[in-house]
Amino acid sequence: MSWAPTPPPTPHAVSRLRAERLARSAKPFLARGGPKGERCAGCRLVPSHCICALRPAVPTRAGMCLLMADIEPLKPSNTGWLIADVVADTYAFGWARTEVQPGLLALLADPAWQPVVVFPGEFVTPERVVHDLAVPRAGAEPASAKRPLFILLDATWPEARKMFRKSPYLDRFPVLSLAPEQISRYQLRRSRRDDHFCTSEVASLCLELAGEAQAAQVLDAYLDVFTRHYLQSKHQLPVAADDPTHLRLQAVAQRSG
Ligand SMILES: [Zn+2]
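Thresholds applied
- Numbers given to residues run from 1 along each chain, matching the order in which its sequence is written.
- pLDDT decides what is reported in this predicted model: residues at 70 or higher carry local features, side-chain atom pairs at 80 or more are listed and counted, and totals for whole chains, interfaces and linings draw on all residues regardless.
- Only heavy atoms go into the side-chain values, all of them from the structure, while hydrogens and water stay out.
- We define a salt bridge as a contact between a side-chain nitrogen of Lys or Arg and a carboxyl oxygen of Asp or Glu at a distance within 4 Å.
- A helix here means a DSSP run of H or I that spans at least four residues, while a strand means a run of E at least two residues long, and both kinds are numbered starting from the N terminus.
- Planes of paired rings set the category: under 30 degrees apart is stacked, over 60 is edge-to-face and the rest tilted, where pairs are Phe, Tyr or Trp rings (Trp by its six-membered ring) whose centres lie within 6.5 Å.
- When a residue's accessible area, from a 1.4 Å probe over protein chains only, is under 20% of the maximum for its type it is buried; when over 50% it is exposed; and in between it is partly exposed.
- If DSSP finds at least two bridges between two strands, the strands pair.
- Note on definitions: a residue-residue contact is assigned when non-hydrogen atoms from the two residues lie within 4.5 Å.
- Whenever a helix is involved, its axis is fitted only over the stretch in contact; in every case the axis is a line through C-alpha atoms, and angles between N-to-C directions fall within 0 to 180 degrees.
- With a 1 Å grid spanning the protein atoms alone, the term cavity applies to any set of points in which a 1.4 Å probe fits but cannot get out, the term pocket to an open set with protein on both sides within 12 Å along at least five of seven lines, and the term lining residue to any residue with an atom within 4 Å of a point.
- Grid points are joined across faces, edges and corners, and a volume is the space filled by probe spheres set on the points.
- Just so you know the grouping, Ala, Val, Leu, Ile, Met, Phe, Trp, Tyr, Cys and Pro go in nonpolar, Asp, Glu, Lys and Arg go in charged, and all remaining residues, Gly too, go in polar.

S.K.: So what exactly am I meant to see when it comes to the pattern of salt bridges here?
M.R.: Side chains bearing opposite charge may pair, as long as their charged atoms lie close to each other. Evaluation of the coordinates by the stated rule reveals 11 salt bridges. One salt bridge in this structure joins D85 and R55, with 3.0 Å as the shortest N-O distance. A residue pair is termed long-range when its members are at least 10 positions apart, and D85 in helix α3 (residues 80-86) and R55 in the loop between α2 (28-31) and β1 (63-68) qualify at 30 residues. With a closest N to O distance of 3.0 Å, R228 and D243 form a salt bridge. One end of the pair, R228, is in helix α8 (residues 213-234); the other, D243, is in the loop between α8 and α9 (244-256), and 15 residues separate them in sequence.

S.K.: What is the right way to read the packing of aromatic side chains from this model?
M.R.: What characterises a pair of aromatic rings is the spacing of the ring centres plus the angle enclosed by the ring planes. Taken as a whole and assessed by the stated rule, the structure comprises 7 aromatic pairs. Plain terms: the ring middles of Y91 and W113 are 6.2 Å apart, the flat faces sit at 85 degrees to each other, and that makes the pair edge-to-face. In this pair, Y91 sits in strand β2 (residues 90-94) while W113 sits in strand β3 (residues 113-118), placing the two residues 22 residues apart along the sequence. Accessibility expressed as a relative area gives 26% for Y91, which makes it partly exposed. By relative accessible area, which is 5% here, W113 ends up buried. Among the aromatic side chains, those forming a connected cluster through ring pairs are F119, F123, W157 and F164.

S.K.: Sorry if this is basic, but what is going on with the sheet that holds β3 here?
M.R.: As a general point, the strands of a sheet are linked pairwise by backbone hydrogen bonds and lie either parallel or antiparallel. Read from one edge to the other, the open sheet built from 6 strands follows the order β2-β1-β5-β3-β6-β4, with strand pairing classed as parallel. Whereas interior strands pair on both sides, the edge strands pair on one side only; in this sheet they are β2 and β4 (129-130). Bridge count for β4 against strand β6 (residues 175-176) is 2 bridges, and the pairing is parallel. When the sheet's bridge partners are listed, V129 is paired in β6 with V175. The strands touched by helix α1 (residues 13-24) within the sheet are β1 and β2, with β2 carrying the most contacts at an inclination of about 20 degrees. Across the sheet, helix α4 (residues 102-109) lies against β1, β2, β3 and β5 (147-154), angled at about 140 degrees from β2, the strand it touches most.

S.K.: Just checking my understanding: could you explain empty space enclosed by the protein for this structure?
M.R.: Rolled over the atoms, a probe sized like a water molecule indicates the empty space that remains. In the structure shown here, the tally under the stated rule is 1 cavity of 30 Å³ or more. In this structure, the largest cavity is lined by L67, F93, G94, W95, A96, E99, V100, Q101, L104 and Y169. Among the residues forming the lining of the largest cavity, the class breakdown is 7 nonpolar, 2 polar and 1 charged.

S.K.: Is there a simple way to think about unusual backbone geometry in this case?
M.R.: Note on backbone geometry: most residues besides glycine have negative phi, and most peptide bonds are trans. A positive phi angle, close to 75 degrees, is found at R44, a residue other than glycine. Topologically, R44 is positioned in the loop between α2 and β1.

Put into structure tokens, the structure is as follows:
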């Protein structure tokens, strides 16, 4: 696949968070975009494997609020970035035990949103746990209905547990625990064996629960394209624009567009 420069996309929330975090980084090689040279500012891949031109646009009613562990925005493989690419209303905040960003508190207090924390139910008091969202039927939706805002802890599992425990401002919100049936359906569809999903896969499951099946599929297909480009670039191999991952993204993005 040949690389033609695409106009730089407007930096989204994760991109901005990464830039802020890089500015604070003590390691200068990170600030240069890695020892191996140039990275595309729009997708973090090397220019020859840029996916900016493939970024799908799909309208979603749901929003995503990423609470990111300190190092997470710096990881080139972080998939919170992909969520922000696809879901227009994606917010991202760096998490710290000792401080909360005012922007996060304002977002959580915004009456337009119904925040739900996505976390395994077995670690939470049962009265807080929900397995489903009350999704209004299309067309019959009252104008005042709040939009779901999924709070995703973008971190390793031990970090996520700590973040969950030490964020008292999340205590008032319901906890969405993904049901085993939904998880196994997803594993079947994606030919996945384990249930250690990456953040963008969790977001996709949430979109599905919110009744946004096509957006969920687009995000999955986009993750596959990203993964393909990422791995091929690691091995310095080209990507074919018409391989199955690209064709699937094209198909699902068109259907939803
Ligand atoms: Zn790019």
